[in-house]
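Residues per chain are reported as follows:
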Amino acid sequence: MSAAGTVGAVAQVLLVAAGAPLLVGVMRQVRARLEGRAGAGVAQPWRDLRKLLRKEPIAPHGTGVLFRAAPLVLAGAALVAAGVVPLVTTASPLDGIADLFAVIALLALGTVFLALAGLDTATAFGGMGASREMVVLALVEPTILLSVFALSARVGSTNLGEIVTTTLHDPQLVVSPVSLLAAVALAIVTIAETGRIPVDNPSTHLELTMIHEAMVLEYAGPDLALVEWASAMRLTVLLGLFANLFAPWGIAGTSLLMLPVALLAFSAKVVVLGGALAAGEVFMAKLRMFRVPELLAGSFLMALLAVAASFFLAGP
Amino acid sequence: MRELLRKIIRTGRVAEDPPARPRGTVPGAAGELRGSVQIRHVDAGSCNGCEVEIASAFGPVHDAERYGARLVASPRHADALLVTGPVTRNMRVALRRTYEAVPEPKVVVALGDCARGCGVFAEAYGVAGPVDDVVPVDAEVPGCPPEPEAIVAALRGLTGR
């Protein structure tokens, strides 16, 4: 634990909190330009959030504590994850809980609460969205765990900070078959977990094809703002985790001087990944709901192969 | 995929340059929205002529989204209701409930001649009346169907951009 680590951890939470809506804005802008449109501008998600915060909060008739608590839990879990995951610094004072299992559980906690809130509204679409989200989550979780486990096997620790540091000191690890297989698996589950095409369409208006949107149909005003902000932060954290597991260069350690560089490097990595994701979406249609498990099973197989390879190729 | 990429590069930007900002006062409570208006479209009995024009207004050429307007899937997410068609008997209660589900501050836009005064469907047996009879209307867009330019101008009046 060092002063630089503490400053870095605070800086990365602030950066994720302020930058996540901008990332969503960049992704929408990339899509708009590829579709020949002009786009609403990068700051539009922040304008939407500002307006939603000033609107009247409405809780539907018959909903309970769960419906009101879910956005807070979701945003809280995303903020803690933003502080724990090594995005900008590996020397965070929270490094002790930057454990692979803890982080995955944190992100799942928010999803589960949102699904429960969807059920709490007792509308047909809320229940449908919740059940679909659980299907996706049940298939995504083992893949995330396995693929990060494959990366942790050669380090001998499930601590994310240590995995990142080891890759930093030993760059040839990135091009090993273990890394490549795990990268493909993790990319697919990141797309599924953040509700992007081809698993879910974030801008759909058709209730029958919704997953994430169907659960939040009943939220209004400040609650909706929290949910959207938290979703943006999850996207940023997952993209940042993906970037730093496979390309950790630029991340700050215990040096305070590296911090501005690390902040810039992290922003650049996440914007590049987000832009690529948005550009890829233009070329793809959403998968049929019943084909999604096949895609996720494929990514699980990749993760399994990565784990197997990490033990076979470990050597004596 | 390569075909599509080539087409994207060849087509470039199709959005037309934005026309000058329409003058006039901001209707109703839209002044509090400041640059971001989520819209829920309600078809209260339209012939779908207006829907085609709405799709066109949000298409690449007119691109209403660049002014901060966005169509959403739920009235709870919305700031504005975009109502088309004369209100039919079957849609009267539904429109009323949709209006009540929108959180304050909210505005209602009556789109097309049918929504404003029943248009060609006036005095038809299934029609309950114009939108104004069911929910308070803040802005109107005349036309049968209204041109996408007129729809975009009305939406810019709401977003103020």
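Residues numbered from 1 in each chain as written. Chains lettered and ligands numbered in written order. Predicted model: local features only at pLDDT ≥ 70, side-chain atom pairs only at ≥ 80, totals over all residues. Heavy atoms only, no water.

Draft legend 1. Structural view of the overall build of chain B. A tally of regular secondary structure across chain B gives five helices and seven strands. Along chain B, helices and strands appear, N-terminal first, in the series α-β-α-β-β-β-α-β-α-β-β-α. Radius of gyration (C-alpha) of chain B: 17 Å, near the 15 Å computed for a compact globule of 161 residues. Along the three orthogonal principal directions, the C-alpha set of chain B runs to about 55 × 35 × 30 Å. Split into buried and exposed, the 161 residues of chain B put 48% on the buried side. Taking all contacts inside chain B whose residues are at least 6 apart in sequence as the whole, residues at least 24 apart take part in 84%. With the model as given, the accessible surface of chain B reaches about 7800 Å², and the carbon-plus-sulfur share is 52%. (Helix = DSSP H or I, 4+ residues; strand = E, 2+ residues; numbered from the N terminus. Rg over C-alpha atoms; globule rule 2.2 N^0.38 Å. Buried < 20%, exposed > 50% of the residue type's maximum accessible area, 1.4 Å probe, protein only. Contact = heavy atoms within 4.5 Å. Areas by Shrake-Rupley, 256 points an atom, 1.4 Å probe, with all protein chains shown as cover.)

Draft legend 2. Up close: the UniProt feature "transmembrane region" (unreviewed entry) in chain A. Residue and element names in this part refer to chain A. The feature "transmembrane region" (unreviewed entry), as given by UniProt, occupies residues 6-27, 65-88, 100-122, 134-153, 173-192, 232-251, 257-283 and 295-314 in the numbering adopted here. Between the end C-alpha atoms of residues 65-88 there is a gap of 36 Å, over a span that is 83% helix and 0% strand. Secondary structure content for residues 173-192 is 80% helix and 0% strand, while the C-alpha to C-alpha distance between its ends is 26 Å. (UniProt positions renumbered as here; feature names shortened; annotations may be inferred.)

Draft legend 3. Expanded view of the layout of surface pockets. Quantified by volume, the second largest pocket comes out at close to 280 Å³. In terms of lining residues, the second largest pocket is bounded by 15 residues, among which A:Glu207, A:Glu218, B:Ala73, B:Ser74 and B:Pro75 are the most central. Put simply, the parts of the chain that give the lining of the second largest pocket at least two residues each are β1 (37-43) and α3 (89-101) of chain B. For the lining of the second largest pocket, the class distribution of residues is six nonpolar, four polar and five charged. (1 Å grid on protein atoms, 1.4 Å probe; cavity = no way out; pocket = protein on both sides within 12 Å on 5 of 7 lines; lining within 4 Å. Points joined across faces, edges and corners; volume = space filled by probe spheres on them. Nonpolar A, V, L, I, M, F, W, Y, C, P; charged D, E, K, R; others polar.)

Draft legend 4. Structural detail: the interface of chain B and chain A. Taken residue by residue, the interface counts 37 residues in chain B and 32 residues in chain A. Of the roughly 2800 Å² buried between chain B and chain A, counting both surfaces, carbon and sulfur atoms make up 50%. Counting the contacts that link chain B with chain A gives six salt bridges. In this structure, B:Asp63 and A:Arg37 form a salt bridge, with 3.5 Å as the shortest nitrogen-oxygen distance. At the boundary of chain B with chain A, the tally comes to 21 residue pairs in polar contact (both at pLDDT 80 or more). Of the residues contributing to the side of chain B that touches chain A, the split by class is 17 nonpolar, eight polar and twelve charged. (Buried area = accessible area lost by both parts, 1.4 Å probe. Salt bridge = Lys/Arg side-chain N within 4 Å of Asp/Glu carboxyl O. Polar contact = N/O pair within 3.5 Å; in protein donor to acceptor, adjacent residues only side chain to side chain.)

Draft legend 5. Structural detail: the packing of helix α5 (residues 124-153) of chain A against helix α7 (residues 177-193) of chain A. All names here are of chain A. Relative orientation of the contacting elements α5 and α7 amounts to 155°, with a least axis distance of 9 Å. Comparing their axes, α7 and α5 come out roughly antiparallel. The two elements α5 and α7 meet at a crossing, and its hand is left-handed. Side by side, α5 and α7 meet where Val136, Leu137, Val140, Thr143, Ile144, Ser147, Val148, Ala150 and Leu151 of the first sit next to Val178, Ser179, Ala182, Ala185, Leu186, Val189, Ala192 and Glu193 of the second. Looking at the contact of α5 with α7, its residues break down into 13 nonpolar, three polar and one charged. (Axes fitted to C-alpha atoms, helices over the stretch in contact; angles between N-to-C directions. Parallel < 35°, antiparallel > 145°, perpendicular 65-115°, else oblique. Left-handed = near helix turned anticlockwise from the far one by under 90°.)

Draft legend 6. Looking closely at the packing of aromatic side chains. Across all of its chains, the model carries two aromatic pairs over all chains by this definition. On the basis of an interplanar angle of 10° and a centroid distance of 4.2 Å, the ring pair of A:Phe67 and A:Tyr219 is categorised as stacked. On the criterion of sequence distance, the pair formed by A:Phe67 in helix α3 (residues 65-84) and A:Tyr219 in the loop between α8 (212-215) and α9 (221-246) is long-range, its members being 152 residues apart. The interplanar angle of 55° and the centroid separation of 5.2 Å between the aromatic rings of A:Phe242 and A:Phe246 together place this pair among those described as tilted. A residue pair is termed a helical-turn pair when its members lie 3 or 4 positions apart in one helix, as A:Phe242 and A:Phe246 do in helix α9 at four residues. Looking at B:Lys106, its charged tip hangs above the ring of B:Tyr99, at a distance of 4.2 Å from the centre. (Phe/Tyr/Trp six-rings, centres within 6.5 Å; stacked < 30°, edge-to-face > 60°. Lys NZ or Arg CZ within 6 Å of the ring centre and 35° of its normal.)

Draft legend 7. Broad picture of the UniProt feature "domain: NADH:ubiquinone oxidoreductase-like 20kDa subunit" (unreviewed entry) in chain B. According to UniProt, the positions carrying the feature "domain: NADH:ubiquinone oxidoreductase-like 20kDa subunit" (unreviewed entry) are residues 47-156 of chain B. For residues 47-156 of chain B, the end-to-end C-alpha separation is 25 Å, with 33% helix and 19% strand making up the annotated structure.

Draft legend 8. Main features of the confidence of the model for chain B. Of the residues in chain B, 99% reach a pLDDT of 70 or more, and the chain-wide mean stands at 90. With a pTM of 0.93, the predicted complex shows an ipTM of 0.90. (pLDDT = per-residue confidence, 0-100.)

Draft legend 9. Examining the environment of A:Met258 more closely. Residues and elements named next belong to chain A. With respect to the secondary-structure elements, Met258 resides in helix α10 (residues 258-282). For Met258, a relative accessible area of 32% puts it in the partly exposed group. For the pair Met258 and Val88, spaced 170 residues apart in the sequence, the C-alpha separation amounts to 9.6 Å. Ignoring sequence-local partners within four residues, the contact set of Met258 consists of Gly250, Ile251 and Ala252.

Draft legend 10. Geometry of unusual backbone geometry. Residues and elements named next belong to chain B. For the bond running from Glu104 to Pro105, omega is -10°, close enough to zero to count as cis. Considering the arrangement of structural elements, one finds Pro105 in the loop between α3 and β5 (107-111). With an omega of -10°, the peptide bond running from Cys144 to Pro145 counts as cis. When you line up the elements, Pro145 lands in the loop between β7 (139-141) and α5 (148-159). With phi around 50°, Arg34 is a residue other than glycine that occupies positive phi space. On the secondary structure map, Arg34 appears in the loop between α1 (2-11) and β1. Judged by its relative accessible area of 44%, Arg34 falls in the partly exposed class. Notably, Asp63 is not glycine yet its phi reads approximately 45°, a positive angle. Checked against the element boundaries, Asp63 lands in the loop between α2 (49-57) and β2 (69-71).

Draft legend 11. Seen up close, a nonpolar patch on the surface. All names here are of chain A. Taken together, Leu66, Val112, Leu116, Leu119 and Met134 make up a surface patch of nonpolar side chains, about 350 Å² in accessible area. Residue contributions to the nonpolar patch peak at three residues, all from helix α4 (residues 100-120). Summarising the element assignment, Leu116 is placed in helix α4. (Patch = residues over 30% accessible without salt bridge, like charges linked within 9 Å, V, L, I, M, F, W, Y side chains within 5 Å.)

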